[in-house]
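Structure assessment
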Amino acid sequence: MLTDDVNRYIELRRSLGFKLAKSARHLTAFARHAVDRGDTHVRRETAIAWASAVSSTPRSYQRRLQEIALFARFLYAEDREHEVLHLHPNCSPVTRPAPYIYTPEELARMLDAAGNLRRQKPSPLRRHIYVMLIGLLASTGLRISEALNLRLDDLLPNGVLHIRQTKFNKSRLVPMHPSVVEALQAYLKIRQRFAGLDDHVFLTVDAKPMRHGTVLCNFDVILRKAGVGQNRSRRPRIHDLRHTFATRVLEQCAMRRDDVARDFVALSTYLGHADIRHTYWYLEATPNLMADIAGAAEALVAGEVA
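Each value, and the rule that gives it
- Residues numbered from 1 in each chain as written.
- Predicted model: local features only at pLDDT ≥ 70, side-chain atom pairs only at ≥ 80, totals over all residues.
- Heavy atoms only, no water.
- Buried < 20%, exposed > 50% of the residue type's maximum accessible area, 1.4 Å probe, protein only.
- Helix = DSSP H or I, 4+ residues; strand = E, 2+ residues; numbered from the N terminus.
- Arc of directions from axis to C-beta.
- Contact = heavy atoms within 4.5 Å.
- Expected span 1.5 Å × (residues − 1).
- Axes fitted to C-alpha atoms, helices over the stretch in contact; angles between N-to-C directions.
- Parallel < 35°, antiparallel > 145°, perpendicular 65-115°, else oblique.
- Nonpolar A, V, L, I, M, F, W, Y, C, P; charged D, E, K, R; others polar.

1. Let's talk about helix α3 (residues 44-54)
- T46, A47, W50 and A51 are the residues of α3 that are buried. Seen end-on, α3 carries its buried residues on one side only, within an arc spanning 120°. The outward face of α3, more than 90 degrees from its buried face, is lined by the exposed residues E45 and A53.
- On the buried face of α3, the contacting elements are α2 (21-36) and α4 (58-76).

Put into structure tokens, the structure is as follows:
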């Protein structure tokens, strides 16, 4: 049955280190739809019709078809009755959206807006949570999931965070700036007065682990209050805090060839990237940064030639 095949496929790929949270939901929904139609194998017609019906944008439509195509290839190796999707050659590849790089002034306004959020009963922690969360993301480049999964035992001595089993099942140590350590300690003192038994660093109003959707809703409120990105067709995301951190770090890189390589490896490790290519992407995603580094490199080469 297709739903069982989806479970096998997802389990296998997760054993290789992939999370596949969205893919699992998409493929499970597709399998149920196909079974309801009476399909026992993957059919191109069913896949295209389903993806068209549930996708709100061309990008999401293409992503769903790509997920089904990979799933169909997996099944085709076992049973040639499955139909493998061949995406149109003129179909543009899925690209990562251009990051929004927050300015220092925008970050200051966002922290101020977070500090002025309306207090929610029965918890007075809302303002403190979002000031600390935004500050932590902006200063460390953590993924939002990594921050929300932090537990008290992950706060190690000397201002180090233990990020456990995140993307691709990788763990890492993340040192923090002394100013961030000081802010986190102040937040924990306030949290201690109101938190229950749960040991997550960031908690909801009912002292439970925070959900990703709740954070995104409050983040949108903060952006509106701060007047950040409101005139853009695509609003800034909380994940752009990670992009901003990486970009600011790269701006401070030394421009000697050996130093650049060293700095990229260090940043890639700090961010928890599985491949250094994901770190180099920031040069492509931020043309100004690429131009600055290229200009510095040209000046360096000119100086060496002279």
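2. Some thoughts on helix α6 (residues 126-140)
- The terminal C-alpha atoms of α6, which comprises 15 residues, lie 21 Å apart, in line with the 21 Å expected from a rise of 1.5 Å per residue.
- Those residues of α6 lying buried are R126, I129, Y130, M132, L133, I134, L136, L137 and T140.
- Just beyond α6, the residue with positive phi is G141, at close to 70°.

3. Thoughts on the packing of helix α5 (residues 104-114) against α6
- Two elements in contact, α5 and α6, have axes separated by 8 Å at closest approach and are oriented at 160°. By the angle class used here, α5 and α6 are roughly antiparallel. Together, L107, L111 and A114 of α5 and R127, Y130, V131, I134, G135 and A138 of α6 make up the contact between the two elements.
- Taken together, the residues of the contact of α5 with α6 break down into 7 nonpolar, 1 polar and 1 charged.

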